[in-house]
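For reference, the chains in residue letters:
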Amino acid sequence: YQRRVRAPSPISPTDAPTLSPTPTPTSPPTLTPTPSPIAPTDAPTLSPTPTPTSPPTLTPTPSPISPTDAPTLSPTPTPTSPPTLTPTPSPIAPTDAPTLSPTPTPTSPPTLTPTPSPISPTDAPTLSPTPTPTSPPTLTPTPSPIAPTNATSIPTLSPTPTPTSPPTLTPTPSPIAPTNSTPTPVNTTCPEQLNVLIDFYASTNGANWINDANWLLGDPCPNIWFGIECEFNASRGCYNIIAIVLPNNNLTGSLPNSLGNLQQLGTLLLSSNQIGGTIPSALGTINPLLFLNLDINLFVGSIPSSFGNLVNLIELSLGANLLTGTLPVELGNLISLELFSFSSNDITGSIPVEYGNLISLINFIGQLNSLTGTLPSSLGNLVNLEQFVFSNNNLTGSIPQSFSNLISLIDLEIESNFLTGVLPSNLSSTIQYFLLNYNQLEGEIPAYIFDNIIDFQVIFNRLSGPIPGSLFTPTLQTFRASHNNLSDVIPNELSTAVALTVFEVQYNSLSGSIPDLSALVDLQILHVAYNFLTGPLPTINSIVLNFFDFSHNNITGSIPSSYGGLAGLNILIGEFNLLTLTISPAIGSLPNLQTFIFQRNSLSGVLPDSFASSLSLEYLDVAFNNLTGPLPDTWTASSRLSQIRLNNNLISGTIPASLRNIPALDILFLQVNLFVCIQSGFGPTVAIQCDISSNPYQCGNSTCIPATIFGNCVVPCATPPPTRVPTTRRPARPTLPPTRVPTAPPTLPALRRPTTTRPTGF
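Residues numbered from 1 in each chain as written. Predicted model: local features only at pLDDT ≥ 70, side-chain atom pairs only at ≥ 80, totals over all residues. Heavy atoms only, no water.

A. Molecular detail of the overall build of the chain. Within the chain, the regular secondary structure consists of 2 helices and 35 strands. Residue pairs in contact within the chain that sit at least 24 positions apart in sequence constitute 57% of those at least 6 positions apart. Summing over all exposed atoms, the chain offers an accessible surface of approximately 29900 Å²; the carbon and sulfur share of this is 56%. (Helix = DSSP H or I, 4+ residues; strand = E, 2+ residues; numbered from the N terminus. Contact = heavy atoms within 4.5 Å. Areas by Shrake-Rupley, 256 points an atom, 1.4 Å probe, with all protein chains shown as cover.)

Laid out in structure tokens, this is it:
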């Protein structure tokens with residue numbers, strides 16, 4: 001066949017040079033003319049080039065064409081093998097036009113690329129037909145400048161002998177783009193995955209999301225839809241969806257089953273939304289899935305057993321939903337799983353024995369559910385386990401001795417269950433958090449050696465025996481062992497626990513004195529009430545101490561005046577002890593003191609004026625002591641006092657009218673003292689509950705109020721007080737509260753995770 005190629009240029013209506021035909025060659029060479037400037041007077045002819053042994057490469061060079069004359073590309077005869085011709089440039093006179101000589105046509109079709117040139121409106125080149133070769137060649141004209149007058153001759157490319165092997169021609173770029181260049185592929189999201197995203201957007205009410213930037217606009221991957229991550233699939237030439245990350249974005253509705261079509265998905269993070277419905281079982285078919293986090297949503301139903309197929313899964317977080325049913329046994333197949341959390345649901349049944357196969361598990365979290373049964377001993381196989389949190393369930397039985405094999409364990413929390421038996425004799429020294437509160441554990445606390453223990457809590461159990469001194473390490477911050485039956489003394493090692501912030505051992509049978517606490521400068525809570533402690537109060541230097549209760553013991557001596565430097569102290573309780581001597585004014589001057597309860601001791605002296613001027617004090621109780629002298633005359637109107645209990649002392653003088661200035665006063669008990677007068681202006685509305693009876697009032701005193709009854713404030717005039725002998729007898733030890741048998745798990749503070757715990761989410 002024959003192909004005609006026309007150069008894209010305007011053609012003059014008068015003159016048109018013609019390309020001469022070229023005979024058909026045996027093999028197809030490709031000719032590339034080289035542009036050359038042509039003289040204005042005569043036009044040289046390009047001579048043929050001898051046949052090379054190996055094919056050279058021809059590169060055409062563009063050249064301008066004058067507005068009057070246009071060259072015509074002549075066809076090239078076919079050589080045995082295609083040679084490469086390189087024309088030599090020469091100037092063309094304005095009267096003569098060079099002629100391109102024909103080159104032999106190759107057997108296989110070469111490609112001719114016309115070079116654009118500006119052509120005048122008077123002359124138009126015409127491409128002459130070429131004889132039909134075995135394969136169609138393509139001619140490439142070479143532009144040359146032509147004089148503004150008529151061309152007399154046209155240079156011709158002479159034929160070249162057939163080379164041994166065909167040469168390769170490389171055209172020189174020209175202002176016009178090639179007509180047969182390979183198009184660049186447009187990369188888009190794989191179609192079936194695009195449809196899933198559209199379905200997902202509609203199913204979760206995407207229009208109401210907090211952020212839906214670029215969704216449904218163009219393609220997800222080039223346009224970067226918010227929360228979508230892509231990866232190019234070279235074999236298909238399209239993008240795979242590998243991550244959907246949309247936490248806390250107000251997603252509602254439900255998840256579509258079509259999510260299972262995202263077979264390259266590696267991360268699905270949708271925590272802290274309001275997605276309801278059941279969890280699609282189709283998610284269990286996405287084999288590459290690594291991270292699945294659906295925490296804090298409204299999912300119902302059970303955990304799909306198909307999740308047991310996700311053998312590459314690293315994180316499975318389903319906490320804080322409305323899930324029910326039992327734990328799927330199939331999840332025991334997830335040997336790559338590192339974090340499994342299903343806390344704050346209503347999962348029932350027991351922990352499957354098969355979960356002992358989760359050899360990669362690091363975090364195992366299932367608190368606040370309704371699990372029953374015992375802890376499987378197979379869990380001792382989880383040698384990589386760092387966090388085991390199953391508080392607030394209904395688990396029974398004892399803690400398996402196999403837990404001694406958990407050599408990586410950091411956080412052990414099984415609070416608020418019904419565990420019985422004794423504590424395992426050996427546990428890993430790596431433990432930092434040991435929380436077994438609210439159970440029915442018995443026996444002694446083993447002398448554990450925890451290298452970096454931070455938090456040790458066993459309150460509300462049935463533990464007995466001494467407190468091991470080995471627990472008090474320099475890293476210990478919290479020690480809580482109240483409401484047990486612990487005996488013996490408080491270990492002296494307590495003085496070395498320099499990082500301690502909380503020490504609670506109330507409601508036990510401890511004896512001896514409280515060790516020196518001067519080095520515990522971070523101590524905030526000290527609770528040793530309801531024991532049999534003796535001796536004086538310890539030295540305390542912690543200015544951050546805010547709670548100290550040593551009530552219901554046999555503490556002797558005085559309240560140290562150094563306690564007046566405990567600027568952070570809010571609550572100081574020492575009732576039912578054997579304290580004597582006076583109260584330091586510095587105590588009443590504590591800037592944050594709210595509660596001061598020291599009833600039923602043998603304190604003496606007067607009540608310091610600093611208590612009457614305190615701006616923080618709310619509860620003042622020093623009843624049943626031996627206080628004497630008058631009350632402070634001026635009680636500040638800015639006081640926050642709600643209760644004043646000074647009854648059963650030896651206080652004398654006048655009851656000041658300034659007590660009425662206290663705006664929040666609810667209870668005023670001044671009965672059974674030695675008051676002789678009530679200052680004028682005291683009034684009937686001084687307090688909601690008021691008792692100033694049993695005092696030897698002298699009603700004839702002109703400065704006093706006449707004998708009367710002021711509302712609830714009983715004032716029997718001239719009634720002598722009964723003879724009072726202050727008691728120092730310690731009251732009977734109160735009955736310990738029964739062991740808690742919860743019908744529903746109590747609310748605990750938010751889960752604290754150790755710093756070594758691998759974080760969830762992305």
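After that view, the rundown keeps rolling.
B. Spotlight on the confidence of the model for the chain. Per-residue confidence for the chain averages 78 on the pLDDT scale, and 67% of its residues sit at or above 70. Across residues 706-712 the pLDDT falls below 50, and counting only partners more than four positions away or on other chains, this stretch makes 10 contacts in the model. Here residues 716-762 scores under 50 on pLDDT; set against residues more than four positions off or in separate chains, the count is 106 contacts. (pLDDT = per-residue confidence, 0-100.)

C. Structural view of the side chain of N369. With respect to the helices and strands, N369 occurs in the loop between β8 (363-365) and β9 (387-389). Discounting residues that sit within four places of it in the chain, N369 has contacts with F342, S343, S344, N345, D346, I347, N392 and N393.

D. Region of interest: the packing of aromatic side chains. As enumerated under the stated definition, the model contains 31 aromatic pairs in all. Note on F340 and Y355: the rings are 6.2 Å apart at their centroids and 70° apart in plane angle, and the pair reads as edge-to-face. Here F340, found in strand β7 (residues 339-341), pairs with Y355, found in the loop between β7 and β8; they are 15 residues apart in sequence, far enough to count as distant. Just as F340 is buried, Y355 falls in that class too. Aromatic side chains Y507 and Y530 sit 4.3 Å apart centroid to centroid with 10° between the ring planes, which places their arrangement in the stacked category. (Phe/Tyr/Trp six-rings, centres within 6.5 Å; stacked < 30°, edge-to-face > 60°. Buried < 20%, exposed > 50% of the residue type's maximum accessible area, 1.4 Å probe, protein only.)

E. Main features of the environment of F299. Locating F299 in the fold gives a position in the loop between β5 (291-293) and β6 (315-317). Along the primary structure F299 and L322 are separated by 23 residues, whereas in three dimensions their C-alpha atoms are 5.6 Å apart. Excluding residues that lie within four positions of it along the chain, F299 makes contacts with L255, I275, G276, G277, T278, I279, L294, N321, L322 and L323.

F. Geometry of a nonpolar patch on the surface. Taken together, the side chains of L298, V300 and L322 define a hydrophobic patch exposed on the protein surface, amounting to about 240 Å² of accessible area. Within the secondary structure, L298 is located in the loop between β5 and β6. (Patch = residues over 30% accessible without salt bridge, like charges linked within 9 Å, V, L, I, M, F, W, Y side chains within 5 Å. Salt bridge = Lys/Arg side-chain N within 4 Å of Asp/Glu carboxyl O.)

G. Layout of the environment of T580. Following the sequence through the fold, T580 ends up in the loop between β26 (578-579) and α2 (585-588). Here the alpha-carbon distance between T580 and S604, two residues 24 residues apart in the chain, equals 6.6 Å.

H. Up close: helix α1 (residues 191-203). For α1, built from 13 residues, the straight-helix expectation of 18 Å at 1.5 Å per residue is met to within 8% by its first-to-last C-alpha distance of 19 Å. All buried positions along α1 are accounted for by Q193, V196, L197, F200, Y201 and S203. Considering only its buried residues, α1 is in contact with β1 (188-189), β2 (228-233) and β3 (238-245). (Expected span 1.5 Å × (residues − 1).)

I. Representation of the state of the cysteines in the model. Going through the model one piece at a time under the given rule, you end up with 2 disulfides. Bridging C190 to C238, the disulfide has an S-S length of 2.0 Å. Disulfide C190-C238: torsion about the S-S bond near 80°, hence right-handed. Placement of C190 in the loop between β1 and α1 and of C238 in strand β3 is noted, with a sequence separation of 48 residues between them. Since its relative accessible area comes to 6%, C238 is described here as buried. Between the sulfur of C221 and that of C230 lies a disulfide, 2.0 Å long from S to S. (Disulfide = S-S within 2.5 Å.)

J. Expanded view of the environment of S254. Along the chain, S254 falls in the loop between β3 and β4 (267-269). S254 gets classed as partly exposed once you look at its relative accessible area, which sits at 30%. With residues near it in sequence (within four places) discarded, S254 still touches S203, T204, I275 and G276.

K. Structural context of the nonpolar core. With 141 residues, the main nonpolar core has I244, F364, F388, F434, F479 and F596 as its most contacted residues. Within the residue set of this core, elements represented by two or more residues are α1, β3 and β34 (674-678). The element contributing the most residues to this core is α1, with 4 residues. Setting aside residues up to four positions removed in sequence, I244 forms contacts with L197, F200, G227, I228, L259, L262, L265, T267, L268, L269 and L270. (Core = buried A, V, L, I, M, F, W, Y, C linked by side-chain atoms within 4.5 Å.)

L. The pattern of salt bridges, seen in detail. Overall, the coordinates contain 3 salt bridges when judged by the stated rule. Of the charged contacts, one joins E192 and R236 as a salt bridge, the two residues approaching to 3.0 Å between their closest N and O atoms. Here the residue E192 occupies a position in helix α1, and R236 occupies one in the loop between β2 and β3, the gap between them amounting to 44 residues. Judged by its relative accessible area of 44%, R236 is partly exposed. Between R480 and E504 there is a salt bridge, with the nearest N and O atoms lying 2.9 Å from each other. Here E504 lies in strand β19 (residues 502-504) and R480 lies in strand β17 (residues 478-480), a separation of 24 residues in the sequence. With relative accessibility at 23%, the residue R480 sits in the partly exposed group.

M. Spatial organisation of the pairing of β3. A large share of β3 lies buried, amounting to 6 of its 8 residues. Where β1 meets β3, 2 bridges bridge the pair, whose relative direction is parallel. For T189, the partnering residue across the bridge sits in β3 and is Y239. Pairing of β2 with β3, which is carried by 6 bridges, proceeds in the antiparallel orientation. Pairing of F232 across the sheet is with Y239, part of β3. Counted between consecutive antiparallel strands, the loop separating β2 from β3 contains 4 residues, among which G237 sits at a positive phi close to 70°. Relative to β4, β3 runs parallel, the two sharing 3 bridges. Across the sheet, A243 pairs through a bridge with T267, a residue of β4. (Pairing = 2+ DSSP bridges.)

N. Structural context of the sheet that holds strand β16 (residues 462-465). One open sheet holds the 3 strands; their spatial order is β14-β16-β18, and the pairing between them is parallel. Looking along the sheet, the strands with just one partner apiece sit at the ends: β14 (442-444) and β18 (485-486). In this structure, β16 lies alongside β18, joined through 2 bridges in parallel fashion. Paired with S464 across the strands is N485, a residue of β18.

O. Just unusual backbone geometry, in detail. In the Ramachandran plot, L368 falls in the positive-phi region, its phi being about 60° despite a non-glycine side chain. Within the secondary structure layout, L368 lies in the loop between β8 and β9. On the accessibility criterion, L368 (34% relative accessible area) is partly exposed.

P. The side chain of S341, seen in detail. Summarising the element assignment, S341 is placed in strand β7. With residues up to four places along the chain from it excluded, the contact list for S341 reads L316, S317, L318, G319 and I365.

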